[in-house]
Amino acid sequence: MNRYPLWKYLIVLAALIIGVLYTLPNLYGESPAVQIAGAKTSVKIDQETLARADQILSQDHITPTASSFEMNGPVGTVRLRFDSTDTQLKAKDTLEKALNTDPKNPDYTVALNLMSASPNWLTALGAHPMYLGLDLRGGVHFLLQVDLQGALSSRYDSMAGEARSTLRDNKLKFEDVERNQLSVRATFATQDERDAAADALRRAMPEMVFSNSLSGTTWLLDGKLSPTAITQVQDNALKQNIQTLHNRINELGVAEPVIQQQGGDRIVVQLPGVQDVAKAKEILGRTATLEIHMVDDSPAATAALQSGRVPFGLVKYTDRDGRPLLLRRQVILTGENLQDAQPGRDQQTQQPTVNLTLDSKGARIFRDVTRDNIGKRMAIVLFENGKGEVVTAPVIRSEIPGGQVQISGSMSAQEAADVALLLRAGALAAPMHIIEERTIGPSLGAANIKQGFDSTLYGFTAIAIFIIVYYHLFGLFSTLGLSFNVLLLLAVLSMLQATLTLPGIAAVALTLGMAIDANVLINERIREELRLGLPPQQAIHLGFDRAWATIFDSNLTSLIVGIALLTFGTGPVRGFAVVHCIGILTSMFSSVVGVRALANLYYGRKRKLKTVSIGHVWKPNQD
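Residue numbers run consecutively from 1 along every chain, following the written order of its sequence. The predicted nature of this model means local features are confined to residues of pLDDT at least 70 and side-chain atom pairs, given and counted, to a pLDDT of 80 or more, with totals for whole chains, interfaces and linings taken over all residues. Side-chain measures here rest on the full set of heavy atoms in the structure, leaving out hydrogens and waters.

Participant: Any chance you could break down a nonpolar patch on the surface for me, citing the residues and the numbers?
Facilitator: Residues with no salt bridge and a relative accessible area higher than 30% make up the patches, which join like charges within 9 Å and nonpolar side chains (Val, Leu, Ile, Met, Phe, Trp, Tyr) within 5 Å. Here, Shrake-Rupley sampling with a 1.4 Å probe gives the accessible areas, and only protein chains in the shown set may cover a residue. In the sections that follow, a salt bridge refers to a side-chain nitrogen of Lys or Arg positioned within 4 Å of a carboxyl oxygen of Asp or Glu. Among the surface-exposed residues, Leu 6, Leu 10, Leu 13, Leu 16, Ile 17 and Val 20 lie close enough to one another that they form a single nonpolar patch of about 530 Å² accessible area. For every residue, the accessible area obtained with a 1.4 Å probe (protein chains only) is divided by the maximum for its type, and the residue is called buried under 20%, exposed over 50%, and partly exposed between those limits. In this structure Leu 10 comes out as partly exposed when scored by relative accessible area, which is 48%.

Spelled out as structure tokens, the structure:
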């Protein structure tokens, strides 16, 4: 009656072994480490970088306790672990001097970090510790202010180009179309030309509101975005900036960063484990904006460049080989119009290429610009760390319709992949700057962990003492089941690589209190059956079976609340809900399956069982 088949015992044993293996990495803590990443997207991190770092350290008689190379998407990261913070700081200085020969233009980001101290054999089994949130691990917190006016300025730049294309397509005469602060201004020689242009632009650009005016003998048409369109541009700018930050920070290997919008124009960035604030700023500073300009190769511009002058209306940049170029100030397209960038090969020449995909508006602008400038050069400029650099400046061979742009030239396959990555992940829709920064040291995180661990341990101990005193041997079974539950919960969180925060530790403590309820229901049900005069074996069997419905109902209601918190909550609330939901599922398994396995294992083979160690069974009054 109270005997499990062998396969059920094996399931419990397997769950126990998995729980131990995947919980163990969390007990080893973290060691000081140094992380090496590329300060420029063109700098690749690979196994050769790891070997070079090991060689540099060995020359300075520094030996890391562990080293690893990891790929985070298309970008690699090297991590070196050390036995003390003193060695960590010495290694960072050594690597910084050797890798970045020009401190003003560094090729590598060498940052202090923390790395799991679990042994290699656990890592080989895929057992990794949980990620720890900023409040437990320490790290840096930034609040970024997004310049939404800058996003609107970029939008008006692109719309000025779109307006010019629309007027040309409709064969309408105009004198000039330019961005005038936060509006698009078109000038005409006559009123009829202006009125005809206004009708065409209203049809082509319904999101804009146009107004007429007269300045001397010049007829003006000013277009401004509607309030709804302005809100949409600003929302899109925030979303694109958040996505770009995700791309950049994830590629740098920061574990579980938090990047989310706060209010209407701010972004919160939390980087757990990053100890160096200056390097964290470098990570954020690597975000870039993308612009496309026309190159001025005219004899007058070339002569001015050779004499060191920059004519009015032009701006000087250098390409990746250090050669100076003069570009027109007018922005043709921005990163807002770029949907994708992938490396490829030309089907005819088999030369490496970069294939760009533009949105519908960008495609129309690009078609008109390439049609009107065949034989001229177009420059793609990337602004990184506040400095503009011409990534490539190809010659326009023909009109390019459809928004599919192919950039080719004297580049290798690796360079094509680098340029594609740079363009794909580097475009910010609006500039932003840091308005608040906060550092949480590892010692404070360790104190939070200790306090959370102590509170959970004391709560567990109090529950265990009470349950053993009150229910005797079955109380011991319940305590072991509770330990099994904590083991499974930590193992599942580790396997999911969840982020544990202080609210998550609170959820673990709450799970312990809720998990013991199931054992109380089972034990009281067994006592009830014994009061009714049933034999001990039958009382144990019916106690577990009849308590199941109540246990399921009570846990289901808690699970519904947890799912609601998980769906609608954010930040700490969501972290609490994740642990809470997983804890409910593991507690049901450990209480119903695990505790019953212990009871069956101990009492199942006793055929002539007379008594059960479950505390005092109060008999009903027979009078």
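Participant: How would you summarise unusual backbone geometry if you had to cite specific residues and measurements?
Facilitator: One non-glycine residue, Gln 181, adopts positive backbone phi at about 55 degrees. The numbering of helices and of strands both runs from the N terminus, where a helix is a DSSP run of H or I of at least 4 residues and a strand a run of E of at least 2. Inspection of the secondary structure puts Gln 181 in the loop between strand S7 (176-179) and strand S8 (184-188). The phi dihedral of Gln 497 is positive, around 55 degrees, even though this residue is not glycine. Locating Gln 497 in the fold gives a position in the loop between helix H13 (442-495) and strand S23 (499-500). When its relative accessible area of 21% is taken as the criterion, Gln 497 is described as partly exposed.

Participant: Break down the nonpolar core for me, citing the residues and quoting the values.
Facilitator: Residues Phe 474, Ile 526, Ile 540, Phe 544, Tyr 603, Val 612 and Ile 614 are the most contacted members of the largest nonpolar core, which totals 27 residues. Looking at this core, the elements that each hand over two or more residues are H13, helix H14 (502-531), helix H15 (536-568) and helix H16 (572-603). Beyond its immediate sequence surroundings of up to four residues, Ile 526 is in contact with Phe 474, Ala 539, Ile 540, Gly 543, Phe 544 and Ile 614. In this text, buried Ala, Val, Leu, Ile, Met, Phe, Trp, Tyr and Cys residues form a nonpolar core when linked through side-chain atoms within 4.5 Å. Note on contacts: a residue pair qualifies if any of its non-hydrogen atoms lie within 4.5 Å across the two residues.

Participant: For the pattern of salt bridges, give the residues involved together with the corresponding values.
Facilitator: This structure, assessed with the given rule, holds 17 salt bridges. The partner of Lys 92 in a salt bridge is Glu 96, and the shortest N-O contact between them spans 3.8 Å. Remark: Glu 96 and Lys 92 occur in helix H3 (residues 85-99); sequence separation between them is 4 residues, near one turn of the helix. Grouping residues by exposure puts Lys 92 and Glu 96 together as buried. In this structure, the salt-bridge partner of Glu 528 is Arg 531, at a minimum N-O distance of 3.1 Å. You can see Glu 528 and its partner Arg 531 sitting in helix H14, 3 residues apart, about one turn around the helix. Assessed through its relative accessible area of 33%, Glu 528 is described here as partly exposed. Salt bridges sharing common partners tie together Arg 168, Asp 169, Arg 367, Asp 368, Arg 371 and Asp 372.

Participant: Which residues make up the packing of aromatic side chains, and what values go with them?
Facilitator: Pairing of aromatic side chains here covers Phe, Tyr and the six-membered ring of Trp, requires ring centres within 6.5 Å, and sorts the geometry by plane angle: under 30 degrees stacked, over 60 edge-to-face, intermediate tilted. Counted according to the given criterion, the structure contains 9 aromatic pairs. A centroid spacing of 5.5 Å and a plane angle of 70 degrees characterise the contact between Phe 474 and Phe 477, whose relative ring orientation is edge-to-face. Remark: Phe 477 and Phe 474 occur in helix H13; sequence separation between them is 3 residues, near one turn of the helix. Aromatic side chains Trp 548 and Phe 552 sit 5.7 Å apart centroid to centroid with 45 degrees between the ring planes, which places their arrangement in the tilted category.

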